[in-house]
Amino acid sequence: MSRSEQIPTTRSASYEADPEQVHRVLLLYSGGLDTSVMLKWIQDSYEAEVVCLTVNLGQPGEDYEVIKGKAMQLGALECHVVDAREQFAQEYVAPAIKANALYGGGYPLFTALGRPLIAKLAVDYARQSGCDTIAHGCTGKGNDQVRIEATIATLAPELKVIAPVRSWQMGREEEIAYAREHGIPVKGGTETAPYSIDDNLWGRSSEGRWIEDLDHAPDEDVFQLVTPPERAPEEPQTITIDFERGAPVALDGERLGLVELIERVAEVGARHGVGIVDHIEDRIVGLKVRDIYEVPAAAIVLPAHQEIERLVCTIHENQFKPQLDRQWAYLVYAGLWWEPLRSDLDAYMERVNERVAGTVGLKLYKGHVRVVTRSSANAIYDASLASFAQSGGLFSQAASPGFIELWSLQSRMAWRLHEEE
């Protein structure tokens, strides 16, 4: 089958590109095998010009000048490299912290948070570069296609989308053969299929290989960020994190910008084996999958935030907000960052977090993180009221029997009726 025959001729969505109308494409480019093959394949198959966009969200170990040079070598008209770490931290990670954002009880949404920003930047640069189409490297089995395409369709209905990995008939070996045929450097060699990796400032995920075998315990070579707990230091370490208006602002008393603070917390957490999550996940596209996550910063910052939030909020707020937290995480996971309900929920998150200020102490030891101290000027806590050492004052113990009688009234009446039946 020729490459041109692999271009879809039918469309199932209005935003999918008509091949005859594809003239200049904005490609989300990582420099890896898929997007490098894609860069050449789009030029050959669509006879289109390609502009590349590479977004830095805090991926470790990347040389962006090398990535840009590779794109230009493979025929890109231009390659834009955007450092979006600060925007990602302030506009995406910070709201996630305020919403205690975990999906499925374990996934702190780092990929899900990054995709709407990447897609938004793709829209901006596509318009600036005169592109009619945006191309991405997502497969048809993942959530990222939903997040990216929903963003493009929402923000730029005039732009179209192509997703070559969904349409071409190439597996990894065919991609490697194509790369060799066209002189495309293959990063990391070709002997063994690598893990499928995604990472940014907030975490790292690994998929593929043995991870798909649920009976297979993790191989240590998957952990490239977090030290396996059994090899972590023998001595625990206690750190403190300060919060203002729900956002972390200082580590061990040193005030830091959010990007640097996340990086520093991730470093100390990773050293102590904190943040490994072996997770079964329900994807939006219907699949149930296993992911290995390394999330040292999130595994420390989110519990710390929750602790201060619990300290300054009333019992009713603490009962209610987790329901909204779960809804917020679900919308973001599901690719609906631009859904009005998400911004409506943000308004509530911001209101509650106006009072979330204080300091949390956390002890890190061989993969575990535990809150050990907490303090806040806004705490709904009075040691003299909570103490068993004294009585009286604002809390009248003598009033408790009457409260108990009224509090349990309906439950007692219902129990008696059921017993009579």
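Up top you'll find the structure we're talking about.
This section reports on the structure supplied with the text. Quantities reported herein were computed from a predicted structural model and do not represent experimental measurements.

**Focus: the pairing of strand β13 (residues 358–365)**
Bridge count for strand β8 (residues 237–244) against β13 is seven bridges, and the pairing is antiparallel. Paired with I241 across the bridge in β13 is V360. Note: β13 against strand β14 (residues 368–375), seven bridges, orientation antiparallel. Looking across to β14, one finds that V360 is bridged to R374.

**What to know about the packing of helix α3 (residues 85–98) against helix α8 (residues 258–271)**
Where α3 contacts α8, the two axes come as close as 9 Å, and the packing angle between them is 80 degrees. One way to sum up the angle between α3 and α8 is to call them roughly perpendicular. Touching R85, E86, A89, Q90, V93 and A94 of α3 are L258, V259, I262 and E263, all from α8.

**Some details on the nonpolar core**
In terms of nonpolar packing, the biggest core is built from 82 residues, with L26, L53, L109, L113, W202 and W328 touching the most fellow members. Beyond its immediate stretch of four places on either side in the chain, W202 contacts F88, V93, I97, P108, F110, L113, I262, V295, A297, A298, V301 and L302. In this structure, V25, Y46, V50 and I184 belong to the second largest nonpolar core, which totals 30 residues.

**Focus on the sheet that holds strand β4 (residues 133–135)**
Here five strands make up an open sheet; going across it, the order is β3-β2-β1-β4-β5 and the pairing parallel. Two strands bound the open sheet, and with one partner strand each, they are β3 (78–83) and β5 (160–162). Strand-to-strand twist across the sheet, computed as the mean angle between neighbouring axes with direction ignored, equals 25 degrees. With six bridges connecting them, strand β2 (residues 49–56) and β3 associate as parallel partners. Note on β3: the bridge partner recorded for V55 is V82. On top of the sheet, helix α2 (residues 64–73) reaches β2 and β3; it is set at about 160 degrees to β3, its chief contact.

**Considering the packing of aromatic side chains**
Across all of its chains, the model carries 13 aromatic pairs by this definition. Taking the centre distance of 3.6 Å and the plane angle of 10 degrees together, the rings of Y103 and Y333 count as stacked. Here Y333 lies in helix α10 (residues 315–333) and Y103 lies in the loop between α3 and α4 (110–128), a separation of 230 residues in the sequence. For Y333, a relative accessible area of 0% translates into the label buried. When the centroid spacing of 5.8 Å and the interplanar angle of 90 degrees are considered together, the rings of F320 and Y348 count as edge-to-face. Taken together, the residues F320 in helix α10 and Y348 in helix α11 (residues 340–353) connect sequence positions 28 residues apart. On the basis of relative accessible area, F320 is assigned to the partly exposed category, the value being 37%. Each residue in the set Y103, Y107, F110, Y293 and Y333 is aromatic and connected to the rest through ring pairs, giving one cluster. The ring of Y195 is capped by R209, whose NZ or CZ atom sits 4.2 Å from the centre of that ring.

**Structural notes on the packing of α8 against helix α9 (residues 296–312)**
Where α8 contacts α9, the axes come no closer than 7 Å and their chain directions differ by 105 degrees. By the angle between their directions, the pair α8 and α9 is classed as roughly perpendicular. Along its contact with α8, which presents I262, V265, A266, G269 and A270, the element α9 presents P296, A297, I300 and V301. A per-class count over the contact of α8 with α9 returns eight nonpolar, one polar and no charged.

**Notes on the pattern of salt bridges**
Counted under the stated rule, the structure contains 28 salt bridges. Between R264 and E260 there is a salt bridge, with the nearest N and O atoms lying 3.1 Å from each other. Taken as a pair, R264 and E260 lie in helix α8 at a separation of four residues, close to a single helical turn. Take R264: its relative accessible area is 27%, and that puts it in the partly exposed class. Among the residues examined, E260 registers a relative accessible area of 39% and is labelled partly exposed. With a closest N to O distance of 2.9 Å, K321 and D325 form a salt bridge. Of this pair, K321 and D325 both sit in helix α10, four residues apart, roughly one helical turn. The residues K321 and D325 share a single accessibility class, namely buried.

Rules of the game
Residues numbered from 1 in each chain as written. Predicted model: local features only at pLDDT ≥ 70, side-chain atom pairs only at ≥ 80, totals over all residues. Heavy atoms only, no water. Pairing = 2+ DSSP bridges. Helix = DSSP H or I, 4+ residues; strand = E, 2+ residues; numbered from the N terminus. Axes fitted to C-alpha atoms, helices over the stretch in contact; angles between N-to-C directions. Parallel < 35°, antiparallel > 145°, perpendicular 65-115°, else oblique. Contact = heavy atoms within 4.5 Å. Core = buried A, V, L, I, M, F, W, Y, C linked by side-chain atoms within 4.5 Å. Buried < 20%, exposed > 50% of the residue type's maximum accessible area, 1.4 Å probe, protein only. Phe/Tyr/Trp six-rings, centres within 6.5 Å; stacked < 30°, edge-to-face > 60°. Lys NZ or Arg CZ within 6 Å of the ring centre and 35° of its normal. Nonpolar A, V, L, I, M, F, W, Y, C, P; charged D, E, K, R; others polar. Salt bridge = Lys/Arg side-chain N within 4 Å of Asp/Glu carboxyl O.

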